[in-house]
Amino acid sequence: MTPPVPAGGGPAPEPPTVVVHADAGVLARAAAARLITALVDAQAARGEASIVLTGGGIGVALLRAVRASPAVDAVDWARVDVWWGDERFVPADSPDRNDQQAREALLAHVPVDPTRVFPMGHLAGAGGDGEGGGGVAEPETAAAAYAEALAARAVAGSAVPAFDVLLLGLGPETHVASIFPDSPAAVATGTVTAVRDCPKPPPTRVTLTFPALRAAREVWVVVAGEEKAEAVANALTPGADPVAFPAAGAVGRERTLWLVDRAAASRL
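Residues numbered from 1 in each chain as written. Predicted model: local features only at pLDDT ≥ 70, side-chain atom pairs only at ≥ 80, totals over all residues. Heavy atoms only, no water.

A description of the overall build of the protein should follow, citing residues and the corresponding values.
Secondary structure summary: the protein contains six helices and eleven strands in total. Against the compact-globule benchmark of 18 Å for 268 residues, the protein has a radius of gyration of 17 Å, which places it among compact chains. Principal axes of the C-alpha set define a box for the protein whose edges measure 50 × 40 × 40 Å. Counting only contacts in the protein whose residues sit at least 6 apart along the sequence, the fraction spanning at least 24 positions is 76%. Carbon together with sulfur atoms contributes 55% to the accessible area of the protein, which is approximately 11600 Å² in total. Averaging the positions of the 21 positive and the 30 negative side-chain charges in the protein gives two centres separated by 5 Å. (Helix = DSSP H or I, 4+ residues; strand = E, 2+ residues; numbered from the N terminus. Rg over C-alpha atoms; globule rule 2.2 N^0.38 Å. Contact = heavy atoms within 4.5 Å. Areas by Shrake-Rupley, 256 points an atom, 1.4 Å probe, with all protein chains shown as cover. Lys, Arg positive; Asp, Glu negative; His and termini not counted. Charge placed at Lys NZ, Arg CZ, Asp CG, Glu CD.)

Encoded structure:
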């Protein structure tokens with residue numbers, strides 16, 4: 001079992017801020033510019049930065065836009081910790097893995113420090129990589145290992161680091177990371193949990209939980225497309241239940257941003 005995150009005190013978080021962009025392309029470029037600025041500001045303030053990445057079409061498009069930005073080198077990538085909010089529990093070389101997509105889109109093209117990149121554990125492949133090759137047999141093992149990695153980078157008394165920016169996509173049923181409506185992950189109290197019988201393939205995953213997501217200074221939910229409009233509206237309804245509408249529970253300690261295109265905002 002992973003340790004709970006200390007509840008902590010302090011004021012209640014501010015309501016989410018919604019920023020609407022013309023279309024998915026503008027959204028990706030604008031979010032990339034915002035992300036570069038946030039990482040540079042974090043490094044100016046604390047000497048380093050930390051980010052939690054997401055998968056999905058718009059998440060990967062955002063990373064490609066960071067790579068293409070003239071300002072990409074403003075970030076000292078060697079002083080950035082890179083985490084993931086969730087991962088498909090499949091072999092390491094699977095194109096379905098969020099970390100593979102992130103490497104292709106950005107990480108393989110900037111000078112990150114490999115020791116500061118923290119992919120979630122993968123399924124031991126059919127070729128017999130086993131534990132010696134980094135693969136494990138069960139998602140619970142991968143979740144426990146990721147919880148330990150998070151705790152090792154956190155300050156004393158905390159179970160997870162204070163991420164500077166945590167990126168999330170949004171599913172049409174309002175799932176974020178791999179927290180689906182009315183699922184065990186939606187009520188998990190540790191920092192990382194295994195997900196089985198996921199309603200969206202692949203069915204087995206590993207995900208950060210709400211307590212871990214809420215440790216971030218800023219949470220950005222990035223959404224494009226009219227097919228997500230109802231989910232956006234449901235998640236942003238005041239008082240929405242995070243168990244029924246998980247995106248409603250994705251809240252940053254200092255700020256929560258919903259970065260959406262006009263199509264996704266059409267029902268607000």
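Tell me about the sheet that holds strand β11 (residues 255-261), and please be specific about residues and values.
Reading across from one edge, β1-β11-β10-β7-β2-β3 is the order of the six strands in this open sheet, with parallel pairing throughout. Of all the strands in the sheet, the pair left with one neighbour each is β1 (17-21) and β3 (80-84). Strand-to-strand twist in this sheet, taken as the mean axis angle between neighbours without regard to direction, amounts to 20°. Strand direction decides the pairing type here: β1 and β11, joined by five bridges, are parallel. Bridging from a neighbouring strand, H21 pairs with D261 of β11. Across the face of the sheet, helix α1 (residues 24-46) comes into contact with β1, β2 (49-53), β3, β7 (165-168), β10 (218-223) and β11 while running at roughly 155° to β11. (Pairing = 2+ DSSP bridges. Axes fitted to C-alpha atoms, helices over the stretch in contact; angles between N-to-C directions.)

Explain the confidence of the model for the protein to me, and be specific about the residues and the numbers.
In this model, the protein carries a mean pLDDT of 93, and residues with pLDDT of at least 70 account for 92%. With pLDDT under 50 throughout, residues 1-9 is counted as low confidence; its partners more than four residues away or in other chains account for 22 contacts. (pLDDT = per-residue confidence, 0-100.)

Just give me the short version of the pairing of β11, but keep the residues and values in it.
The element β11 is largely enclosed, with a buried count of six among its seven residues. Bridging between β10 and β11 involves six bridges; their strand directions are parallel. Along β11, the bridge assignment pairs V223 with V260. Taken together, β10, helix α6 (residues 229-235) and β11 form a β-α-β motif whose crossover is right-handed. (Buried < 20%, exposed > 50% of the residue type's maximum accessible area, 1.4 Å probe, protein only. Right-handed = clockwise from strand over helix to strand, strands pointing away.)

Which residues make up the sheet that holds strand β4 (residues 86-88), and what values do they have?
The three strands are arranged β4-β9-β8 in an open sheet whose pairing can be described as antiparallel. Two strands close off the open sheet at either side, each with one partner strand: β4 and β8 (192-195). On average, each strand axis in the sheet is tilted by 15° relative to the strand beside it, whichever way the strands run. In this sheet, strand β9 (residues 205-208) lies alongside β8 in antiparallel orientation, the contact comprising four bridges.

Explain the side chain of R97 to me, and be specific about the residues and the numbers.
Positionally, R97 belongs in the loop between β4 and α3 (98-105). Once residues lying within four places of it in the same chain are set aside, the contact partners of R97 are E87, R88, V90, P91, A92, P119, M120, G121 and H122.

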